[in-house]
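Letter by letter, the chains look like this.
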Amino acid sequence: MTAITDTSSIPALRSHVPAAGRRQPVSTYRLQLGPHFTFADATALLPYLVQLGITDVYCSPILQAAPGSTHGYDVVDHTRISEPMGGRAGFEAFANAAHAAGLGVVVDVVPNHMAMPTPLYLNRAMWSLLRDGPESPYASWFDIDVESSDDGILIPVLGERVGTALAREAITLDHVVVPGYEDDGDVPVLRYYDHVFPVRKGTEFLPLAELLQRQYYRLAYWRVAEEELNYRRFFDVDTLAGIRVEDPEVFHASHALLLELFHAGFIDAFRIDHPDGLADPRQYMERLYEATGGAWIVAEKILEGNEKLPSDWKCAGCTGYEASWRIGALLTDPEGVRSLTANFVHLSHTTQPYPVLEREAKRQIMHSSLQAEVERMARLMAEVCHDDLRLRDHSQRSLHDAVSALVICMDRYRAYVVPGEKPHANAEAALLEAAERARGLLSEDRCETLDVVVDILLGREIGSAAKRHDASRNEAIIRFQQVCGAVMAKGVEDTAFYRYTALTSATEVGSDPRRASLTPDELHTWTRQMMADWPVMMTTLTTHDTKRGEDTRAAIATLADYPTEWIELLERLRERHATSRPAELDGQIENLMWQTIIGTWTDNGPIEADRLIDYLRKAAREQKTWTTWTEPDEAVETGLFAYARSVISTPESVAELTAWWEQTRPARRARILAAKVLALTLIGVPDTYQGEEITRNVLVDPDNRRPVNYRCLAGILTQLDSAGALPARASVDEEKMWVTSRLLRLRRERPDTFVSLRSGYEPLAATTGNIFAFTRTLDGEPDVIVLVSRLAHRQELAGGWGDAHIVLPPGRWRNVLEEGEVEGPQLFVRDACATLPVAVYARCEAEDWGGTGTENGAAEYPETGSEESDD
């Protein structure tokens, strides 16, 4: 456990680090648990993780999820640990084994929503609510007012309109013993194919049509959800219903088991899923921080641009998307980005600048899958205005237009305004700036309504005297922020990013495609600012939510190093396959296809055809221009898939793409290793996503949840440890494993240098902008030096490193990745990067960090995972 120094003299940091006695992770390793990778499998993996150098295991959600769930974010029961993964006994055995090996346990928490599974009775809370309505002990759990919902809670599961289903007798009344409710005996239920629903007491003897009308819920055609859904959900997923974790009773009930396991010593820290969906994220973080006595807590919060996490959140920071974007942008050539953008315009005939494209994508989402949420927000605003004589002339239509324009023009997931409190200056500025942009979308009359909307959302006194914070206005403040987050996620990440395909490595969760490249000074400045406020945040390169894995992005970003050569290759390939290309094929998706093919290439050739097709289907439907999930154009999709198959199966094209792969290998290698070194040393607690200690060509989920061959990984690490050095002609897999394991072990041996209030960060002067160098300090003194090359191909064209150098701090420095020591005042890059494009040095006075990593009892290697080799 890493000691955190006394924070009493640094008020802003007191709640941004674990409290005294709470564990501070030094590094984490993300495991995607599920029916096919259980607690027992994870337990078998622990010796390998210890050998790798990991200090904490980071588990995906462990509570009981919907049947067949492979990710765990669809929780159905907060009182049970997942039975398919091994249940409570399995988890406790895993946690005990982890702690015995010296590893901490971090668990993913899903506070925002619960699943509405099939069969529904698996979610006891929802079953009770639908059966008993306001009399249910769970009536306050879900984000809907049962009593005010005239037609009941909308359940849009029918594959046809309800009248048709009744006429076909597809909906029937049955009597069964419901699993989990055996004490109730034989009870009436409604059936619709695999779906089973409870029947309100006293209505079972009514004619079927009348019985349906008397329920606390309304069975409906699935398409009705877009327009009439009356409960908050996770983005636009009807089967994930929002819960009111802001209610203390709901918070404690939904967190009781996790907190019990925490206080019993089985869990050490938490990662929080999607806090922006909550009514009051700050309140949630404070409750959890207090309930755990100050545990290390990180929030899956996506910060846009230069947005900062509110300083009053009691957590360690975010999960690292903002770091991942900046690391990738640092290593991306800006000149190449411009050339690739011009080529994107040529291929796609897209003339809209990105901000316009993003705005149109958000508008489409608001008028389709999230229409119900926007309509609900407009009705709420109309109620606020109608109840106040001075505001009554602002009609629901005008309010709808104003709210819509404001949501479209928000440049972040939400502004953190808390009802009853004066808004923070940053929150106020975010809303006011969005309002200024929104004025350009509205008529003069609507702009007056917009002013009213903004005043309500900022809690200002408007309308009748003394009216500032009544219940309706407070709800409007909360609802608006929740809608903003959903529109951002679905409109930007899941729509615009699939349309703007100039350089797809730059359209990643948390990234800004308008800033696909950053300078060293920009990254230095950001890191120093973050060190001052969030020194033990999480950093990462790959998550279960990223659109592409880190190595896939690195391969795509390498296109910017060779833009002319890539465009010429693309022209030849397109000409060769012109007869296979559908005439109506969208240029945006075609450009994405080409970048995906080369991004997922391997030394063994192209990605498997089925994986590529599955990805292209998802990407095309998320793009939402010519095909969608709800209205797929299967004919054009089939043409796209045939086009892609022809490319990766034609020998001449495979040969040309393989030649490109070989030509760009040095630049791609440099980028992969530089990104990994930065992620492991820049700031905070680095997370290694499962299997990413070597190269993997993974794509968006579910592709990134494929089995990992841990036996293969353990074998690579064992061979490296046995040799004590990299082979003379090491593969990139071996190099990445070597770099990852050496730096994880360095962190484990020098935790205070990396994750404590004693640690710091200072840039190191370099004579070239193609080197990024810094030192991690301990008590203000340099302790670890990091140097990575960037834009390696550009430097190669310039004739190599020459006399380029960095200025070393005084003292002797031991090479962490190779043999030898260095001493200042200069370190020539040609020497530091003679073998690897990265270098890390540790101050010699420090205790020796070496060894095989088996000090914690890792004597054997795991036998878990797929037998198939990774890519």
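In this convention, every chain numbers its residues from 1, walking through the sequence in written order. Thresholds applied to this predicted model are a pLDDT of at least 70 for local features of residues and 80 or more for the giving and counting of side-chain atom pairs; totals over whole chains, interfaces and linings are not thresholded and use all residues. Neither water nor hydrogens contribute to the side-chain values; these are computed over all heavy atoms in the structure.

Per an unreviewed UniProt entry, the protein chain goes by Malto-oligosyltrehalose synthase and derives from Schaalia turicensis.

Undergrad: Help me out: how do you make sense of the overall build of the protein chain in this one?
TA: In this description a helix means any DSSP run of H or I spanning at least four residues, a strand means any run of E spanning at least two, and both kinds are numbered starting from the N terminus. Across its full length, the protein chain carries 29 helices and 26 strands. Whereas a compact globule of 871 residues would reach a radius of gyration of roughly 29 Å, the protein chain reaches 28 Å, a difference of no more than 12%. Along the first, second and third principal axes, the C-alpha atoms of the protein chain reach 85 × 65 × 60 Å. Split into buried and exposed, the 871 residues of the protein chain put 62% on the buried side. We call two residues contacting when some pair of their heavy atoms lies within 4.5 Å. Contacts in the protein chain between residues far apart in sequence, at least 24 positions, make up 73% of those at least 6 positions apart. A total of about 32,000 Å² of accessible surface is found on the protein chain, and carbon and sulfur atoms cover 49% of it. This radius of gyration counts C-alpha atoms alone. The globule rule is 2.2 Å times how many residues there are, raised to the power 0.38. When accessible area is computed with a 1.4 Å probe and restricted to protein chains, residues below 20% of their type maximum are described as buried, those above 50% as exposed, and intermediate ones as partly exposed. Using a 1.4 Å probe, accessible areas were evaluated by the Shrake-Rupley method; residue-level cover was limited to the displayed protein chains.

Undergrad: For this particular structure, what's the right way to read the side chain of His78?
TA: The residue His78 is located in strand 4 (residues 75-81) in this model. Of the residues examined, His78 reaches a relative accessible area of 6% and is grouped as buried.

Undergrad: Where do I start with the sheet that holds strand 9 (residues 186-192) in this structure?
TA: As a general point, the strands of a sheet are linked pairwise by backbone hydrogen bonds and lie either parallel or antiparallel. Sheet architecture is open: 3 strands sit in the order 8-9-10, paired in antiparallel fashion. Edge strands, defined here as strands with exactly one partner in the open sheet, are strand 8 (171-177) and strand 10 (195-198). Direction aside, the axes of adjacent strands within the sheet are offset by 40 degrees on average. Two strands are said to pair when DSSP picks up at least two bridges between them. Judged from the 7 bridges that link them, strand 8 and strand 9 form a sheet pairing that is antiparallel. Bridge pairing in strand 9 links Asp174 to Val189. Working convention: axes come from line fits to C-alpha atoms, limited for helices to the stretch in contact. Angles between N-to-C directions cover 0 to 180 degrees.

Undergrad: What am I meant to see in unusual backbone geometry here?
TA: Note on backbone geometry: most residues besides glycine have negative phi, and most peptide bonds are trans. Cis geometry marks the peptide bond from Thr118 to Pro119, where omega comes out at 0 degrees. Within the secondary structure, Pro119 is located in the loop between strand 6 (113-115) and helix 3 (124-132). Residue Pro702 is reached from Asp701 by a cis peptide bond, and omega for that bond is 5 degrees. Residue position: Pro702 is located in the loop between strand 18 (685-689) and helix 25 (710-723). In the Ramachandran plot, Glu169 falls in the positive-phi region, its phi being about 60 degrees despite a non-glycine side chain. The residue Glu169 is located in the loop between helix 4 (162-167) and strand 8 in this model. Despite not being glycine, His274 shows a phi value in the positive range, around 45 degrees. Relative to the helices and strands, His274 is located in the loop between strand 14 (269-272) and helix 8 (281-291).

Undergrad: Explain a negative patch on the surface to me, please; I cannot follow it from the model alone.
TA: To count toward a patch, a residue needs a relative accessible area over 30% and no salt bridge; like charges are then connected within 9 Å, while nonpolar side chains (Val, Leu, Ile, Met, Phe, Trp, Tyr) are connected within 5 Å. The salt bridge criterion pairs a side-chain nitrogen of Lys or Arg with a carboxyl oxygen of Asp or Glu, the two atoms within 4 Å. We treat Lys and Arg as the positive residues and Asp and Glu as the negative residues; His and chain ends play no part in the count. Lysine's charge is taken at NZ, arginine's at CZ, aspartate's at CG and glutamate's at CD. A grouping of Glu565, Glu568, Glu571 and Glu575 is seen on the molecular surface, where their side chains present a negatively charged patch. Residue placement: Glu571 occurs in helix 19 (residues 563-576). Here Glu571 falls in the exposed class, since its relative accessible area comes to 52%.

Undergrad: What am I meant to see in the pattern of salt bridges here?
TA: Pairing between side chains of opposite charge can happen when their charged atoms approach one another. Applying the stated criterion across every chain yields a total of 72 salt bridges. The salt bridge partner of Glu508 is Arg553, with a shortest N-O separation of 3.5 Å. Of this pair, Glu508 sits in the loop between helix 16 (471-499) and helix 17 (520-533) while Arg553 is found in helix 18 (residues 550-557), placing the two residues 45 residues apart along the sequence. Glu508 gets classed as buried once you look at its relative accessible area, which sits at 2%.

Undergrad: Would you take a moment to explain the sheet that holds strand 12 (residues 233-234) for this structure?
TA: One open sheet accounts for 3 strands, arranged 6-13-12; its pairing is antiparallel. Looking at which strands have only one partner, the edges of the open sheet turn out to be strand 6 and strand 12. Relative to strand 13 (residues 237-242), strand 6 is paired through 3 bridges, and the arrangement is antiparallel. From the neighbouring strand, His113 faces strand 13, where its bridge partner is Gly242.

Undergrad: Looking at this structure, I do not really get the state of the cysteines. What am I missing?
TA: Linking two cysteines covalently via their sulfur atoms produces the bond known as a disulfide. What counts as a disulfide here is a pair of cysteine sulfur atoms lying within 2.5 Å. Counted according to the given criterion, the structure contains 0 disulfides. A disulfide-free cysteine, Cys315 has its sulfur positioned 6.8 Å from the sulfur of Cys318, the nearest such atom. The exposure class of Cys315 is buried, given its relative accessible area of 1%.

Undergrad: Just to check I follow, could you spell out the packing of aromatic side chains for this structure?
TA: Within a pair of aromatic rings, the relevant descriptors are the distance that separates the centres and the angle that separates the planes. Ring pairs shown here join Phe, Tyr and Trp side chains whose ring centres sit within 6.5 Å, with only the six-membered ring taken for Trp; geometry is labelled stacked below 30 degrees between planes, edge-to-face above 60, and tilted in between. Applying the stated rule across the entire model yields 22 aromatic pairs. Measuring from ring centre to ring centre gives 5.5 Å for Phe39 and Phe91, while their planes differ by 65 degrees; the resulting arrangement is edge-to-face. Remark: Phe91 occurs in helix 2 (residues 87-100) and Phe39 occurs in helix 1 (residues 39-52); sequence separation between them is 52 residues. Note on accessibility: Phe39 and Phe91 belong to one class, buried. Taking the centre distance of 6.0 Å and the plane angle of 65 degrees together, the rings of Tyr221 and Trp222 count as edge-to-face.

Undergrad: Explanation requested: the packing of helix 13 (residues 396-409) against helix 15 (residues 444-457) in the structure shown.
TA: Packed helices, taken two at a time, are described by the angle their axes make and the gap between the axes. It is at 9 Å that the axes of helix 13 and helix 15 come closest, and there the two elements cross at 70 degrees. The orientation of helix 13 with respect to helix 15, classified from their angle, is roughly perpendicular. Pair helix 13 / helix 15 crosses with right-handed handedness. Along the contact surface, helix 13 presents Arg397, Ser398, Leu399, Asp401, Ala402, Val403 and Leu406, while helix 15 presents Arg446, Thr449, Leu450, Val453, Val454 and Leu457. Any angle that falls under 35 degrees is termed roughly parallel, while one over 145 is termed roughly antiparallel, one within 65 to 115 roughly perpendicular, and all others oblique. Here a crossing is taken to be left-handed if its near helix is turned anticlockwise relative to the far helix by less than a right angle, and right-handed if that turn runs clockwise.

Undergrad: When you look at the environment of Asp77 in this model, what are you seeing that I'm missing?
TA: On the secondary structure map, Asp77 appears in strand 4. When the C-alpha positions of Asp77 and Asn123 are compared, they lie 6.1 Å apart, and in sequence the two are 46 residues distant. Those residues in contact with Asp77 that sit more than four places away from it in its chain are Leu63, Gln64 and Met114. Distance and chemistry together define a polar contact, namely a pair of N or O atoms within 3.5 Å, with one atom able to donate a hydrogen and the other to accept it when in protein, and with adjacent residues in sequence counting only for side-chain atoms on both sides. At 2.6 Å, the side chain of Asp77 forms a polar contact with the side chain of Thr79.

Undergrad: Whenever I open this one, the environment of Thr775 confuses me. Can you help?
TA: Looking at the element boundaries, Thr775 is found in strand 20 (residues 771-778). Using a relative accessible area of 2% as the deciding quantity, one classes Thr775 as buried. For Thr775 and Gln371, which are 404 residues apart along the polypeptide, the C-alpha to C-alpha distance reads 50 Å. Setting aside its immediate chain neighbours within four residues, Thr775 contacts Gly760, Tyr761, Glu762, Leu764, Pro782, Asp783, Val784 and Ile785. At a separation of 3.0 Å, a polar atom in the side chain of Thr775 contacts the main-chain carbonyl oxygen of Val784.

Undergrad: What's the story with the pairing of strand 5 (residues 104-109) in this structure? I'm lost.
TA: Consecutive residues of a regular strand have side chains that alternate between opposite faces of the sheet. Within strand 5, 6 of the 6 residues are buried, leaving the element largely enclosed by the surrounding structure. Looking at chain direction, strand 2 (residues 56-59) and strand 5 are connected through 4 bridges and run parallel. Paired with Cys59 across the bridge in strand 5 is Val107. Two elements, strand 5 and strand 14, share 4 bridges in a ladder whose sense is parallel. Counterpart to Val109 in the pairing with strand 14 is Ile272.

Undergrad: Honestly, helix 16 in this entry has me stumped. Any pointers?
TA: Note on helix geometry: an α-helix contains 3.6 residues per turn, so any two residues three or four positions apart are oriented the same way. A rise of 1.5 Å per residue sets the reference length of helix 16, with its 29 residues, at 42 Å; its end C-alpha atoms lie 40 Å apart and thus fit the reference within 8%. The largest bend in helix 16 amounts to roughly 30 degrees and is located at Val492. Extensive coverage of helix 16 is indicated by the burial of 25 of its 29 residues. Expected helix span is taken as 1.5 Å per residue step, with the number of steps being one fewer than the number of residues. A residue's bend is simply the angle between two axes: one fitted to the seven residues ending at it, one to the seven starting at it.

Undergrad: Would you explain the packing of helix 19 against helix 20 (residues 587-599) in this entry?
TA: One can describe the packing of helix 19 onto helix 20 by two numbers: an axis separation of 12 Å at closest approach and a directional angle of 110 degrees. Judged by the angle between their axes, helix 19 and helix 20 are roughly perpendicular. Only Glu590, Asn591, Trp594 and Ile598 of helix 20 make contact with helix 19, whose side of the interface consists of Trp566, Leu570, Leu573 and Arg574. Taken together, the residues of the contact of helix 19 with helix 20 sort by class into 5 nonpolar, 1 polar and 2 charged. When residue character is reported, Ala, Val, Leu, Ile, Met, Phe, Trp, Tyr, Cys and Pro are called nonpolar, Asp, Glu, Lys and Arg charged, and the others, Gly included, polar.

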